[in-house]
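Coordinate analysis (summary)
The primary structure of each chain is shown beneath.
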Amino acid sequence: MATRDGRVLTGLLAEETPDRIVLRDAQGEEITVPLAEIEERRRGESSLMPDGLVETLASPQEFLDLARYVIEVAEGGPDRARELEPDPAAIAALRALPEYEARVDHAALIAEWDVESLERGRAIYERVCANCHGTLDREGSLPTSPRFASAEFKNGADPLGLYRTLTRGFGRMMPQSWMVPRQKYDVIHYLREAYLREHNPTRYVEVDAAYLAGLPEGDTRGPEPPSIEPWVAMDYGPVMMHTIEVGRDGSNIAAKGIAVRLDPGPGGISRGHHWVVYEHDTLRLAGAWSGSGFLDWNGIQFNGRHGVHPRVVGRVEAANPTGPGWAGPEALGFDDPRPLARDGRPYGPLPRDWARYRGLALHGSQAILSYDVGRVPVLETPGLVETALGPVITRSFELGPRPDDLLLQVAHLSGRDVRLRPVEGHPSAVMLGPEEAEPPGGLLFDGASSVEMGEAPELDVSAGDRTIAARIRTTEGGTIFASAPGEGNWAPGSQALFVRGGRLVFDIGWEGAVASNREVDDGRWHDIALTYENDSGRVRLFIDGNPDAEGRLRAPERPEPGGRVVRLGFASPDFPGPDPYFRGRIESVLVFGRVLGDEEIRRLPSSPSPGPVLADWRPDQAEAKAEGDAVPDRTGSGLDGVVRLGPASLERADRVVAGWEHSGGEGLEWVEAASGDLRLRIPAGPEPLRFVLWFAGPSREVDPLALADSVRIGPPGDLRSLTDGGPRRWPEEIVTRAEAGEDDGPFAVDVLTPPDANPWNAQVRCSGLDFLPGGDSAVLCCWDGDIWRVDGLSDASGELRWRRIASGLFQPLGIKLIGGEIYVTCRDQIAILRDRDGDGEVDFYESFNSDHQVTEHFHEFATGLDTDDEGNLYYAKAGRHAAEALVPHHGTLLRVSPDGSRTEIVATGFRAPNGVLVNPDGTFFLTDQEGHWTPKNRINWVREGRFYGYM
């Protein structure tokens, strides 16, 4: 109901008389409203229990367990409810909190409240909380969310009570697990001062010395707060389609990635802790990872950075580098048949007779992929089993009849010692990994960690003759030792010893580099050394005691104070490429104040030469793993290092344990490849086949058999039944108002106010729209992956009603209704959005055409969508922002056949085209954006076969 004084009330109808209505709200409280005060009333379409709560459950079995509990309590009454009460300890275990929550120093955090904390709290409230709860002058998007200026706060309104609500949740309020203690108390501070002190004073609890003294004691303020930028706060839904890299060396980029959250809970994919990412060009599972960060959020769509793309953060449990996810039809081979681009890498989908991506179904928060392997239809859904020994990832399959055997790529590990071994005592489990596990060391250089010593001009090669010796082990390379600017990018005179492309390299900024002939990225330990003669500039590189390469580099100028700092594991943000961080082990780094002789180097590191040893660090032996830990200089010269951990820290499992369940035990067979690949052979058969594949990347301390025995997986269900719709994910309707323009000029401009305030913190950056028949409704696509429907465009009241109907698409920048269906141009495909159960939400993202040649470059948007009289579809693809085109699709206008089976290039030479219009005479209008080779924004009148200027 809407009342004449501006209130919006929601509840169950408890009583209605000729002069009043009584509602019962979600908390059971009764609200009496005189009929004379009611401006509008509307019967809700759903119960007070919001749609989608079932999706917070981990599995269909949990739903059945809950249903049985409700039925038994309904039939057995309070006595049965008391009998079924769970052990409180079990409930606590279900809501396990971070270890630091038991040691929070609440009094210290509250005592630090000041103007800065108030401002931080305001920023959090306005960016996140206000969407649902509203502000003093604006309703929230969820009518059942309490308005704090008048709320009763049934779980306590004092600071600790509010903290516990944010931490544990209460009623329909879910735990805000993304917040650390300081963020919670910042927003509590703002809530008290902005809403309670003046507007709800009976709920304002004074904080004095006695209150602080009564708080639980603690010794920590918790970790530093994570960022809550809009792209991090947004609920993207359970799936995100994007280009995502697993690692940092370019070997595993899911150009058309489909990332899926595996663990249950609110907040969408970015609030999870376990994920997989598929790549639908190759139909491979590119990686599975765990942690608390999801992505590093680098990219133009997220933090606005150019020239970069998102990478996973956390711990990679298993991965497969770029290549087919299933063997091809010829001799079950895995050689990638796709044509190579100018950079020597393949792009675009596999041939259709090899594999074809059909689309993605969503059943609530569960994702089901649909694709063909040859002529065999496949449905697959990823899942998660939490065991006492760590997370286990599942892949549930439903395959049609198979005329031939199929071969599935499961996991890959690099290194010469990787072998496949059965897990003795288990019927299906195997382990892929090195023959002997390397014992745990000290600091792991994981691609985002380093050791910083500060300024040390005495170690700089500008100060005299030097020898730098190290013992390393890597498969990916990166910086070993550097003297570079403390802040900012690589600069003249900077020095770095690093591994790139497998080779050892010494570089002096703006002078040049000397590279080895041998490669050292084979996963084995290597003793490497560099000698530098200051007068002559002679550089010599040694590998395993033997001279390997030499050259000459002029000595740089001595650094000014504050000019350069010494680091292990990192040089500068932009050098050396492709990744400045080291990945692997660094056992030792020694710096000598002279040029050692060949024989002296040959004896390193077992017999270090006599001085002068200027520095001696042993990061692999130090008890240094956390931010700020010390890595001592064993010479006692005071050049101790400090561990620095980057936000994109990435750890990799060095072994994979895998098995299968519910196959009937007939024909599944593990296959080992010499290249370190784990593969599963699936036998031919005339009947459909269902089975569950599971795998994990356990730590060295975990026994493979114990892990395999701990996996408990229910029988695979009917995946086909999950592709026809499911529970609604976004039942809420957002109301805004249109601003009608004047009709007395050549143009009439009406402003449709977007639903910027919404329960999902979704960024509504509209990128395309089309009108539904009748003109009263439209569908809009948004850059961040959402599709919205708006109704009421012709309503004289100006009220607009918005519903989110799809999410997770890859930068949709074109939308059109064709034959009554919604077609969307995304960076990875043209998708048809199917609502199979008629509930108004999209539940199948059908891939109409995925010929798009997609690289990781940030600029190659796919934009616009129009059709001609013959049913062909047209869209445009941008170039690479002043970089050379790698694939034929870069900077083109493209035509897709009416059945989606083929794509043709119509015209070339566009920089950043947007807005495609097909003319009746077979020509086109196409806009372009100014920049390199395009001096002004312009509208191109395009004719087929022509070139339009962008190189």
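Just so it is clear, the model here is predicted, and its values are computed rather than measured. Here, residues in each chain are numbered from 1, in the same order as that chain's written sequence. Per-residue local features of the predicted model are confined to residues with pLDDT of at least 70, and side-chain atom pairs are confined, for both listing and counting, to 80 or more; whole-chain, interface and lining totals are unaffected and use all residues. As a convention, hydrogens and water are excluded, and side-chain values are obtained from all of the structure's heavy atoms.

**Describing the overall build of the protein**
- Along its length, the protein carries ten helices and 53 strands.
- Here the globule rule is a power law, 2.2 Å times the number of residues to the power 0.38, and the radius of gyration is based on C-alpha atoms. The C-alpha radius of gyration of the protein comes to 31 Å, within 12% of the 30 Å expected for a compact globule of 951 residues.
- Viewed in the frame of its principal axes, the protein has a C-alpha envelope of about 105 × 80 × 70 Å.
- Buried positions account for 53% of the 951 residues belonging to the protein.
- Pairs of residues are marked as contacts when any of their non-hydrogen atoms sit within 4.5 Å. For the protein, long-range pairs separated by at least 24 residues make up 60% of all intrachain contacts whose partners lie at least 6 apart in sequence.
- We get accessible surface area from the Shrake-Rupley algorithm with a probe of 1.4 Å; when it comes to residues, only the shown protein chains can shield them. Here the protein displays about 41600 Å² of accessible surface, and carbon together with sulfur accounts for 50% of that area. What counts as a helix is a DSSP run of H or I of at least four residues, what counts as a strand is a run of E of at least two, and both are numbered from the N terminus. With a 1.4 Å probe rolled over the protein chains alone, any residue whose accessible area is under 20% of its type maximum counts as buried; one over 50% counts as exposed, and the rest are partly exposed.

**Re helix α4 (residues 115–133)**
- The end-to-end C-alpha separation of α4 is 23 Å, well short of the 27 Å expected for 19 residues at 1.5 Å each.
- Those residues of α4 lying buried are Ser117, Gly121, Ile124, Tyr125, Val128, Ala130, Asn131, Cys132 and His133.
- Here the buried face of α4 lies against α6 (181–196) and α8 (230–233).
- Positive phi shows up at Gly134, right after α4, with a value of about 80 degrees. Each helix should span, by expectation, one fewer than its residue count multiplied by 1.5 Å.

**Observations concerning the sheet that holds strand β51 (residues 914–918)**
- When DSSP finds two or more bridges between a pair of strands, those strands are recorded as paired. The strand order β51-β52-β53 describes an open sheet built from three strands, whose pairing is antiparallel. Taken across any chain shown, the strands that pair with only one partner, and hence form the sheet edges, are β51 and β53 (938–942). For this sheet the average axis-to-axis angle between neighbouring strands, irrespective of direction, equals 20 degrees.
- Where β51 and strand β52 (residues 924–928) come together, four bridges link them in antiparallel fashion. Residue pairing in the sheet places Val918 in a bridge with Phe924 of β52. Lines are fitted to the C-alpha atoms to define the axes, a helix being fitted only along its stretch in contact, and any angle between axes, read from their N-to-C directions, falls within 0 to 180 degrees.

**Overview of the domain arrangement of the protein**
- Domain extents, as shown, originate in an automatic or database domain assignment. Taken as a whole, the protein is organised into domain 1 (2–40), domain 2 (53–85), domain 3 (99–228), domain 4 (231–434 + 653–711), domain 5 (449–618 + 637–646) and domain 6 (733–942).
- For domain 1 and domain 4, the distance between their C-alpha centroids amounts to 52 Å.

**A closer look at the pattern of salt bridges**
- We define a salt bridge as a contact between a side-chain nitrogen of Lys or Arg and a carboxyl oxygen of Asp or Glu at a distance within 4 Å. All chains considered together, the criterion is met by 63 salt bridges.
- Among the salt bridges present, the one from Arg690 reaches Glu398, with a minimum N-O distance of 3.3 Å. Taken together, the residues span a long stretch of sequence, with Arg690 in strand β36 (residues 689–696) and Glu398 in strand β14 (residues 390–399) at a distance of 292 residues.
- Note on Arg690: relative accessible area 35%, which makes it partly exposed.
- A relative accessible area of 12% means that Glu398 is categorised as buried.
- Its salt-bridge partner being Arg540, residue Glu550 comes within 4.0 Å of it at the nearest N-O pair. Remark: Arg540 occurs in strand β25 (residues 538–543) and Glu550 occurs in strand β26 (residues 546–552); sequence separation between them is ten residues.
- Judged by its relative accessible area of 48%, Glu550 falls in the partly exposed class.
- Salt bridges sharing common partners tie together Glu533, Arg538, Arg540, Glu550 and Asp598.

**Section: the sheet that holds strand β49 (residues 892–896)**
- With antiparallel pairing, four strands are arranged side by side in an open sheet as β47-β48-β49-β50. Strands with a single pairing partner mark the edges of an open sheet, and in this sheet they are β47 (862–867) and β50 (903–908). Geometrically, the sheet is characterised by an average inter-axis angle of 25 degrees between neighbouring strands, direction not taken into account.
- Alignment of β47 against strand β48 (residues 873–877), held across four bridges, turns out to be antiparallel. Within β48, the residue paired with Asp866 across the bridge is Tyr874.

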